[in-house]
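For reference, the chains in residue letters:
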Amino acid sequence: VPTSSVDATHGAATDAIGYSYADDPNLMYCSEGLGSEGTYGSLWLDSCGLSGGASGGPWLQPGDQLGSGSIMSVNSWGYTSQPGMGGPNLHTSSALCLVDNAIADPSEDRGLVQPCGQPS
């Protein structure tokens, strides 16, 4: 089970997991050193071959293809003309709070998600 979001470590081995439309229904992954994409300021996996449909899949550091490790980003976007996958740094966003809340309460009946920092 993935743990809470951690700050992204550039250059560290990072595993991205997702269901690419082109390879559906197979769960796919890529594993490589974490970089950054200057145009949009995103975290970047340069050679990742995940494609449309993989959005929202976790990026794990340190990770393995079985889904263990800490979530530090998610599949978010890529160029249509070249490989690569971009994603936000969850540690530096309000998404960290939502990840922590989801891990703390993995029940099936979540109802409405409470804003972070607000009483439930």
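Below you will find a few notes about this structure. (Residues numbered from 1 in each chain as written. Predicted model: local features only at pLDDT ≥ 70, side-chain atom pairs only at ≥ 80, totals over all residues. Heavy atoms only, no water.)

Moving on to the sheet that holds strand β4 (residues 42-45). Sheet strands associate in pairs through backbone hydrogen bonding, adopting either a parallel or an antiparallel arrangement. As summarised here, the arrangement of the three strands in space is β3-β4-β7, forming an open sheet in which the pairing is antiparallel. Here the strands that pair on one side only, and so sit at the sheet edges, are β3 (35-37) and β7 (85-87). For this sheet, the mean inter-axis angle between neighbouring strands, taken without regard to orientation, is 45°. As paired strands, β4 and β7 are joined by three bridges and run antiparallel to one another. Note that in β7 the partner of L43 across the bridge is G87. (Pairing = 2+ DSSP bridges. Helix = DSSP H or I, 4+ residues; strand = E, 2+ residues; numbered from the N terminus. Axes fitted to C-alpha atoms, helices over the stretch in contact; angles between N-to-C directions.)

The next thing to look at is the sheet that holds strand β1 (residues 13-18). A sheet is described by the order of its strands in space; here four strands give the open sequence β2-β1-β5-β6, paired in antiparallel fashion. With one partner strand each, in any of the chains shown, β2 (28-33) and β6 (70-74) form the two edges of the open sheet. Across the sheet, the mean angle from the axis of one strand to that of its neighbour is 30°, orientation sign disregarded.

Here we take up the nonpolar core. Core analysis: the largest hydrophobic core is formed by 12 residues, namely A8, A16, C30, L34, L43, L45, C48, L50, A54, W59, M72 and M85. Non-local contacts of M85, meaning those with residues more than four positions away in its chain, are made with L43, W44, L45, C48, L50, S51, W59, N75, S76 and W77. (Core = buried A, V, L, I, M, F, W, Y, C linked by side-chain atoms within 4.5 Å. Buried < 20%, exposed > 50% of the residue type's maximum accessible area, 1.4 Å probe, protein only. Contact = heavy atoms within 4.5 Å.)

With that settled, consider the environment of Y21. Mapped onto the elements of the fold, Y21 is located in the loop between β1 and β2. C-alpha separation for the pair Y21 and L50, spaced 29 residues apart in sequence, amounts to 8.7 Å. Residues within four places of Y21 in sequence aside, it is in contact with S51, G52 and G53.

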